[in-house]
Amino acid sequence: MTSIILRNKTFWIILTIVLVLIVGVFWYNKRKTAKENERLQDFHKTKYNSEFNGENVPEDFNPQPIADALFQAMNGAGTTETRFYSILEPLNKDQLTVVHNAFNATYGKPPCRSLLDRLNPAADCGGVNGIYLRQWIEGDFDGDELNKALSFFSHIPEFNRTKI
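Residue positions are counted from 1 within each chain, in the order its sequence is given. Per-residue local features are limited, in this predicted model, to residues with pLDDT of at least 70; the limit for side-chain atom pairs, both in listing and counting, is 80 or more; totals at the level of whole chains, interfaces and linings are taken over all residues. The side-chain numbers reported here are obtained from all heavy atoms of the structure, hydrogens and water having been left aside.

**A short note on the overall build of the protein chain**
Of regular secondary structure, the protein chain possesses nine helices and zero strands. Beginning at the N terminus, the succession of helices and strands in the protein chain can be written as α-α-α-α-α-α-α-α-α. In what follows, a contact means two residues having at least one pair of non-hydrogen atoms within 4.5 Å. A sequence separation of at least 24 residues applies to 59% of the contacts in the protein chain between residues at least 6 apart. Computed with the Shrake-Rupley method and a 1.4 Å probe, the accessible areas treat only the protein chains shown as cover for residues. Put simply, the protein chain shows about 11300 Å² of open surface, and 58% of that area lies on carbon and sulfur atoms. Here a strand is any run of E in DSSP of at least two residues, a helix any run of H or I of at least four, and the numbering for each starts at the N terminus.

This is the structure:
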């Protein structure tokens, strides 16, 4: 009889520990997501126009939604080429430059400083040269589609640089 009670106590203790761990993980992830969203909101408020004085960038132009849409078009398996082109075609060169900067600031990864950084997922770095908009495009397009996609940003010197 006592072994059944002990088993029941053990069961309830284990169940309580597991539930506390599950709640703790959900709470931690929610807190982490909230901090990331707060950081992104602060980032989205940044005026790219003050960093890049393009003559053809309207004062109220916000490149972040466009950079986010580009990311969504290229993220995951397969790229939505028509969406990618339809996002970029209405923009002028100065606006494309600002979108390029916003994309790299949000989704780019700097080069790894050492081999240990490359092996460590927590280092959040992108190989020898980093992973930026150009590498995203080169990874998702090929042939004539690649040339067309790259041509949108060909006027940007940093974009055309393939190595550090």
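**What to know about the packing of aromatic side chains**
Here a pair means two rings of Phe, Tyr or Trp (six-membered ring of Trp) with centres within 6.5 Å. Their orientation is stacked below 30 degrees between planes, edge-to-face above 60, and tilted elsewhere. Following the criterion strictly, the structure yields ten aromatic pairs and no others. Here Y85 and F141 contribute two aromatic rings whose centre-to-centre distance is 6.1 Å and whose plane-to-plane angle is 40°, an arrangement assigned as tilted. Here F141 lies in the loop between α7 (133-140) and α8 (143-151) and Y85 lies in helix α4 (residues 81-88), a separation of 56 residues in the sequence. Residue classification places F141 among the buried residues on the basis of a relative accessible area of 4%. Put simply, the rings of F71, F103, Y107 and W136 pair up and form one aromatic cluster. In our convention, an over-ring charge means Lys NZ or Arg CZ found within 6 Å of a ring centre and within 35 degrees of that ring's normal. Over the aromatic face of Y85 sits the side chain of K148, whose NZ or CZ is 4.1 Å from the ring centroid. In this scheme, a residue with accessible area under 20% of its type's maximum is buried, one over 50% is exposed, and one in between is partly exposed, where area comes from a 1.4 Å probe on protein chains only.

**Brief notes about the pattern of salt bridges**
Here, a salt bridge means any Lys or Arg side-chain nitrogen found within 4 Å of an Asp or Glu carboxyl oxygen. Counted under the stated rule, the structure contains two salt bridges. As a salt-bridge pair, K148 and E89 come within 3.9 Å of each other at their nearest N and O atoms. In this pair, K148 is assigned in helix α8 and E89 in the loop between α4 and α5 (93-107), connecting sequence segments 59 residues apart. With its nearest N and O atoms 2.9 Å apart, the salt bridge here joins R134 to E138. Linking R134 with E138, this pair stays in helix α7, spanning four residues, or about one helical turn. Given the relative accessible area of 35%, E138 is considered partly exposed.

**Comments concerning the packing of helix α3 (residues 64-74) against α5**
Orientation is described by axes fitted as lines to C-alpha atoms, over the contacting stretch for helices, and by angles from 0 to 180 degrees between their N-to-C directions. The N-to-C vectors of α3 and α5 enclose an angle of 65°; their axes lie 8 Å apart at closest approach. As α3 runs across α5, the sense of the crossing is right-handed. Contacts between α3 and α5 pair Q64, I66, A67, D68, L70, F71 and M74 from the former with V99, A102, F103, T106 and Y107 from the latter. Within the contact of α3 with α5, the residues separate by chemical class into nine nonpolar, two polar and one charged. Each helix crossing is assigned a hand: it is left-handed if the near helix lies turned anticlockwise from the far helix by less than a right angle, otherwise right-handed if that turn is clockwise. Residue polarity is assigned by list, with Asp, Glu, Lys and Arg as charged and Ala, Val, Leu, Ile, Met, Phe, Trp, Tyr, Cys and Pro as nonpolar; anything else, Gly included, falls into the polar class.

**Some words on the environment of A73**
Here A73 is to be found in helix α3. Residue A73 is classed as buried on the basis of its relative accessible area of 1%.

**Points about a nonpolar patch on the surface**
Taken together, the side chains of F11, W12, I14, L15, V18, L19, I22 and F26 define a hydrophobic patch exposed on the protein surface, amounting to about 800 Å² of accessible area. Relative to the elements of secondary structure, V18 occurs in helix α1 (residues 2-44). Residue classification places V18 among the partly exposed positions, given a relative accessible area of 38%. The residues that make up patches have over 30% relative accessible area and no salt bridge, and they are joined within 9 Å when like-charged or within 5 Å when they are Val, Leu, Ile, Met, Phe, Trp or Tyr.

**Details of the side chain of Q64**
Looking at where Q64 falls in the secondary structure, it is placed in helix α3. Residue Q64 is classed as buried on the basis of its relative accessible area, which comes to 0%. Two N or O atoms form a polar contact when they lie within 3.5 Å of each other; inside protein one atom must be a possible hydrogen donor and the other a possible acceptor, and for residues adjacent in sequence the pair counts only when both atoms belong to side chains. A distance of 3.0 Å separates polar atoms of two side chains, one belonging to Q64 and the other to T106.

**Re the confidence of the model for the protein chain**
Confidence of the prediction at every residue is given by pLDDT, a number between 0 and 100. Of all residues in the protein chain, 67% have pLDDT values of 70 or greater, and the mean over the chain is 75. Between the elements of the protein chain, mean pLDDT differs from a low of 45, seen in helix α2 (residues 48-51), to a high of 88, seen in α3. Between residues 43-50, whose pLDDT stays under 50, and residues either more than four places distant or in other chains, the model counts 20 contacts.

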